[in-house]
Amino acid sequence: MKRAKVIALTAGFVFIMAAIGVQALIPYFTRDTHTTKVSTWVRTDLGLLQEVDGEARPYQGKVKRGREIFIREGCWYCHSMYVRPVAGEDRRWGPVSQAGEYAYDIPHTMSTRRIGPDIIREGGKYGDDWHRAHFFNPRLVVPDSIMPGFPWFYKKYEKPAEEEQEEAGRKLTEGERQRVLPVESEFVPNEDGEAVIAFVQFLGMNRGKWRNAYISRLAGEGSNAIADNASLARGKKSFNRRCAGCHGKDGKGDGPAARFFRKVKPRNFTRGVFKFRSTPTGSLPLDTDLYRTITIGVRGTAMPPWNMLPESERWDIIQYIKTFSPAFKKEKPGKPVYVPEAPEPTPAMLARGKNLYEKFQCWQCHAKDGEGDGPAAVGMTDDLGNPILPANFTNGQWKVGPRPGDIFRTLMTGLNGTPMPSYRSFLQSESDTWALSYYVLSFAAE
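Since this is a predicted model, take the numbers as computed values, not measurements.

Draft legend 1. Highlighting the pattern of salt bridges. Taken as a whole, this structure holds 19 salt bridges when the rule is applied. The residue Arg67 makes a salt bridge to Asp105 at a minimum N-O spacing of 3.9 Å. In this pair, Arg67 is assigned in helix H2 (residues 61-72) and Asp105 in the loop between helix H3 (89-93) and helix H4 (128-136), connecting sequence segments 38 residues apart. Residues Arg67 and Asp105 agree in their burial class; the two are buried. Here Asp289 ties to Arg292 by a salt bridge, and the two come within 3.2 Å at their closest N and O atoms. With Asp289 and Arg292 both in helix H10 (residues 287-296), this residue pair falls 3 residues apart, about one helical turn. Overall, Asp289 belongs to the buried group, its relative accessible area being 1%.

The following block contains the structure:
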C-alpha cells in the first residue's frame, strides 16, 4: 500500500513537471515564440492587395486600456483568440494565427474555450456601431447570445453643442465625424466602453488588410432561389432571428439596436431603395446583388458578413426581404452593368485616374486626400434627409466590396438614395473607369 502511494505521488509530480515544461518552459525558451514577425496584407500604390512580411504592433493608448478592461472583465474565459491550423478554421475565422501576433500579449489571453466565438479576427468584422449595441445588450443583435450585457460601459448621452455641428469650411476631426450623425439612444459608451471597442477592433489587425483578400474569396454570386411559401416561411424565421434586431420585424430599419448606430442607419426595406446593386440608377437590385451584400456585409457599418450562414438560408432571407416592398411585385430590376475583367494597373493608369478624380471633382465630397471630409461633406444628407458621410477611402473599408471590379460597378451604378451619382454617362471608356477605380483604391496604400 505504501509503495502504491509513493508511485502515485511520483507519477503526479512527473506529470505536473511535464505540464510546466511543455506549456511554459519549452515555449519560453523556443526562439520562434519571441518573434514579432507576421505576414500582413497591404494595399500597394497601384491599388493592389499584396501579402508581405511585417511587424506586429504593441498595444498603446486606448487599445492598451481596452485590453486591460477586457482582462479585468474576464472576457477571455469565454472567448479564445487563436485560429488553429486545422481544416476549415481559416475559412471560418480568417488566416491561421502566427506566433508574432502574440509578441506583446503579456499576459497571454489565448484561452482554450469557445463558449463564445473566437475573436482573434474580430477587428473590422463589425462596425463600431454594432459593438455599441452589442456590449449594451448582446441580444439586440445576437438573439441567441448568452453573453451578459455591460451597462457599466455606458453613460447618459449629452447632445453636442450646435456650434460643434457647424463645421463648414474646415477639416473635421474624427471625434466630430462621429458626432455629425444624431444618436437616438439614451446611453452611449463611456471611456471604458470605447476603449474595449477599440481593443476588439485592433484584434487581428497586425495582419493588415487581410479581410479585403478574405472577402474577395467569399463574394461569389451563388445560385438563385425560387420564392414559394416554404422559402418565405423559412426566410421570415431567419430574418426575425438574425436581422430584425437592426432592421425591425417590419423591415423599416427601426430595430431595437438601431438607436445605437451613429454612422449608418439600418436599411429600410419597405422603400425598395438599395445602394449596392449591379443595376442602373433608380432600379431595384438583382437577387444576386442582395446575396453579395448579405455574404460580405457592409464594411465600416453594423452590417456584418453572413458568410457563415448556409447558402440556402441566405436565399430564403432574400426572398423574405423582398416582401417588405411592393416595388418588387410591380417592377423588374434593370439590366445589370457589365463589369469586364480587371486589367493590371500601371503608374500611367493611376495618373489618368488622378486627373479624372480632379476633373469630376470627386474631392468635393471625398476630399483631395480621400478621407471623406471634402468641402461638400458637411451637411450632406440622403434622400430621407438623414445626415450621411462620404466614404473615407484611406481606411481600406470598402462598403461596396474591396475588388477593383466593385469600385468599377459602383462608378457605373451610383448608390441609390445617397448623393453618390452614377458616372456612367461621364466616363468615356472602360479604361477611364478602371483608371479611376484603381486611383480610388490607391488612397488606402501604405
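Alright, that's what it looks like, and here's the rest.
Draft legend 2. Spatial organisation of the side chain of Gln319. With respect to the element layout, Gln319 can be found in helix H11 (residues 311-321). Of the polar contacts made by the side chain of Gln319, one reaches the side chain of Asp287; its length is 3.4 Å.

Draft legend 3. Representation of the environment of Val52 in the model. Secondary-structure assignment places Val52 in strand E2 (residues 49-55). Each C-alpha atom, one on Val52 and one on Val38, is 8.6 Å from the other, the two residues being 14 residues apart in sequence. Sequence-distant contacts of Val52, that is, excluding residues within four places in its chain, are made with Val38, Ser39, Thr40 and Val42.

Draft legend 4. Geometry of helix H1 (residues 2-29). Taking 1.5 Å of rise per residue, 28 residues should cover 40 Å, and H1 covers 38 Å from first to last C-alpha, within 8% of that figure. Of all 28 residues in H1, 1 are buried; the element is thus mostly exposed.

Draft legend 5. Geometry of the packing of aromatic side chains. All chains considered together, the criterion is met by 34 aromatic pairs. Judged by centre distance (5.0 Å) and plane angle (65 degrees), the ring pair of Tyr439 and Phe443 falls under edge-to-face. Across the pair, Phe443 and Tyr439 agree in class, each one buried. In textbook terms, an aromatic cluster arises when at least three aromatic residues are bridged by ring pairs, as seen for Phe239, Phe269, Phe274, Tyr320, Phe324 and Phe328. The ring of Trp210 carries the charged tip of Arg121 above its face, separated from the ring centre by 6.0 Å. In this arrangement the basic side chain of Lys368 is found over the ring face of Trp363, its NZ or CZ atom lying 4.2 Å from the centre.

Draft legend 6. Fine view of a nonpolar patch on the surface. On the surface, Phe13, Val14, Ile16, Met17, Ile20, Leu25, Tyr28 and Phe29 cluster together into a nonpolar patch covering about 870 Å² of accessible area. With a relative accessible area of 38%, Ile20 lands in the partly exposed category.

Draft legend 7. View of unusual backbone geometry. Cis geometry is found at the peptide bond from Ile106 to Pro107, where omega equals 0 degrees. Residue Gln361 is not a glycine yet carries a positive backbone phi of 55 degrees. Along the chain, Gln361 falls in the loop between helix H13 (347-359) and helix H14 (363-366). Notably, Ala367 is not glycine yet its phi reads approximately 75 degrees, a positive angle. Its place among the elements puts Ala367 in the loop between H14 and helix H15 (404-413).

Rules behind the numbers
Residues numbered from 1 in each chain as written. Predicted model: local features only at pLDDT ≥ 70, side-chain atom pairs only at ≥ 80, totals over all residues. Heavy atoms only, no water. Salt bridge = Lys/Arg side-chain N within 4 Å of Asp/Glu carboxyl O. Helix = DSSP H or I, 4+ residues; strand = E, 2+ residues; numbered from the N terminus. Buried < 20%, exposed > 50% of the residue type's maximum accessible area, 1.4 Å probe, protein only. Polar contact = N/O pair within 3.5 Å; in protein donor to acceptor, adjacent residues only side chain to side chain. Contact = heavy atoms within 4.5 Å. Expected span 1.5 Å × (residues − 1). Phe/Tyr/Trp six-rings, centres within 6.5 Å; stacked < 30°, edge-to-face > 60°. Lys NZ or Arg CZ within 6 Å of the ring centre and 35° of its normal. Patch = residues over 30% accessible without salt bridge, like charges linked within 9 Å, V, L, I, M, F, W, Y side chains within 5 Å. Areas by Shrake-Rupley, 256 points an atom, 1.4 Å probe, with all protein chains shown as cover.

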